[in-house]
Amino acid sequence: MTLDPIHQFEIKNFFKIGQIGDHAIYFTNSSAYMLLTVAVICLLTIRGMKGRQLVPGRHQSMAELSYVFVASMIRSTAGEDGMKFFPLVYSLFMFILVSNVISIIPYTFTVSSHIIVTAAFALLVFFTVLVYGFYKNGLKFFKIFVPPGIPIYILPLVVAIEIISFLSRPLSHSVRLFANMLAGHITLKVFAGFIALLGTSLGAIGWIAGVVPLALTVALTALELLVAFLQAYVFAILTCIYLNDALHGGH
């Protein structure tokens, strides 16, 4: 019996949906879980808003709690003006959170474990900040590269560092989410695989010895639930911080 913790991240083609030049476009397991994530979010939102009551039920409480949480996050980091980006931040937060939670279920697929997905989200945020920043502030947007109170003799160095930091945002924004989800699920797979390996190689003694990796797997699963929320929160809060530059970059 072999242990392959990377196999769970394999992209599998289900059926062909089109072709661009020599490149075929397939509906994959990643696409299926993305659609599942969107369906779950829509279901929770629709059920939460249907038949609204003064004393909310479970679904309405979940919908209201998610709205208030994201709205408070935006107001505390980007101000009241940031609420115009509420649909963007809410969609990113809920998609990442729900997809991460779904991926903890055994034999499912981890959408955010692929850098192409997290990079697409990060580039969406980056270009939104860039386009809206110049739209709202014009050339004053370049003020974000000139921190106030910097002595003139080190100003060129500080500006260069700020520009490099700004351009590297999509990289750090995407890699943080991708790396955490990838590493967490590999660790879970390894410890869960130890249980089966011990049982098949050592028989009854192996299954008894497998209690230790089983306990670690349960503990890591609980930790992964926390990480699933934290990574969605970190991605959303960084999005709000970056959007604050676009909203108030000229001040």
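Residues numbered from 1 in each chain as written. Predicted model: local features only at pLDDT ≥ 70, side-chain atom pairs only at ≥ 80, totals over all residues. Heavy atoms only, no water.

Participant: Lay out the overall build of the chain with the relevant residues and their values.
Facilitator: Counting its secondary structure elements, the chain contains eight helices and two strands. The secondary structure elements of the chain, listed N-terminal to C-terminal, are β-β-α-α-α-α-α-α-α-α. A total of 251 residues make up the chain; the buried ones form 37% of that total. Contacts spanning at least 24 positions in sequence make up 68% of the contacts within the chain whose residues lie at least 6 apart. (Helix = DSSP H or I, 4+ residues; strand = E, 2+ residues; numbered from the N terminus. Buried < 20%, exposed > 50% of the residue type's maximum accessible area, 1.4 Å probe, protein only. Contact = heavy atoms within 4.5 Å.)

Participant: Give me the pairing of strand β1 (residues 13-20): which residues, what numbers.
Facilitator: With six bridges connecting them, β1 and strand β2 (residues 23-28) associate as antiparallel partners. Residue pairing across strands places N13 opposite T28, the latter belonging to β2. Hairpin geometry of β1 and β2 is characterised by an intervening segment of two residues between the two adjacent antiparallel strands and by a positive phi of about 65° at G21. (Pairing = 2+ DSSP bridges.)

Participant: Which residues make up the packing of helix α3 (residues 86-104) against helix α4 (residues 115-137), and what are the values?
Facilitator: Running from N to C, α3 and α4 point in directions that differ by 170°, and their axes come no closer than 12 Å. Considering the angle they form, α3 stands roughly antiparallel to α4. As α3 runs across α4, the sense of the crossing is left-handed. Mapping the contact onto sequence places L88, L92, F95 and I96 in α3 and F121, L124, V125 and T128 in α4. Here the residues of the contact of α3 with α4 are counted per class, giving seven nonpolar, one polar and no charged. (Axes fitted to C-alpha atoms, helices over the stretch in contact; angles between N-to-C directions. Parallel < 35°, antiparallel > 145°, perpendicular 65-115°, else oblique. Left-handed = near helix turned anticlockwise from the far one by under 90°. Nonpolar A, V, L, I, M, F, W, Y, C, P; charged D, E, K, R; others polar.)

Participant: Account for α3, with residues named and values stated.
Facilitator: Along an α-helix, a turn takes 3.6 residues, which lines up residues three or four apart on a common side. Over its 19 residues, α3 runs 27 Å from end to end, which matches the ideal 27 Å to within 8%, given 1.5 Å per residue. Of all 19 residues making up α3, 16 are buried, and the element is well covered by its neighbours. (Expected span 1.5 Å × (residues − 1).)

Participant: Requested: an account of the packing of aromatic side chains, with residues and values cited.
Facilitator: Counted by the stated rule, this structure contains 21 aromatic pairs. Residues F69 and F93 carry aromatic rings whose centres are separated by 5.5 Å and whose planes lie at 35° to one another, so their mutual orientation is tilted. Note that F69 is positioned in helix α2 (residues 58-78) and F93 in helix α3, a separation of 24 residues in sequence. With a relative accessible area of 30%, F69 lands in the partly exposed category. On the numbers, 6.4 Å between centres and 15° between planes, the contact of F229 with Y233 is stacked. Within this pair, F229 and its partner Y233 are both found in helix α8 (residues 211-248), separated by four residues, close to a single helical turn. Residue class for F229 comes out partly exposed when judged on its relative accessible area of 31%. On the accessibility criterion, Y233 (31% relative accessible area) is partly exposed. (Phe/Tyr/Trp six-rings, centres within 6.5 Å; stacked < 30°, edge-to-face > 60°.)

Participant: Residues and numbers for α2, please.
Facilitator: The terminal C-alpha atoms of α2, which comprises 21 residues, lie 30 Å apart, in line with the 30 Å expected from a rise of 1.5 Å per residue. All buried positions along α2 are accounted for by Q60, A63, S66, V70, A71, M73, I74 and A78. Note on α2: the residue one or two positions beyond its end, G79, has a positive phi of about 80°.

Participant: Can you break down the side chain of R169 residue by residue, with the values?
Facilitator: By secondary structure assignment, the location of R169 is in helix α6 (residues 169-202). Using a relative accessible area of 16% as the deciding quantity, one classes R169 as buried. A polar side-chain atom of R169 sits 2.6 Å from a polar atom in the side chain of D245. When neighbours within four sequence positions are excluded, R169 is seen to be in contact with Y242 and D245. (Polar contact = N/O pair within 3.5 Å; in protein donor to acceptor, adjacent residues only side chain to side chain.)

Participant: Provide a residue-level description of the side chain of T108, including the pertinent values.
Facilitator: Within the secondary structure, T108 sits in the loop between α3 and α4. We classify T108 as buried; its relative accessible area is 18%. There is a polar contact of 2.9 Å between the side chain of T108 and the backbone oxygen of I102. Leaving out residues up to four positions away in the same chain, T108 has contacts with Y33, I102 and S103.

Participant: Provide a residue-level description of a nonpolar patch on the surface, including the pertinent values.
Facilitator: A cluster of nonpolar residues, F69, L223, L226, F229, L230 and Y233, forms a patch on the protein surface that exposes about 480 Å² of accessible area. Among the elements that line the nonpolar patch, the one with the most residues is α8, at five residues. (Patch = residues over 30% accessible without salt bridge, like charges linked within 9 Å, V, L, I, M, F, W, Y side chains within 5 Å. Areas by Shrake-Rupley, 256 points an atom, 1.4 Å probe, with all protein chains shown as cover. Salt bridge = Lys/Arg side-chain N within 4 Å of Asp/Glu carboxyl O.)

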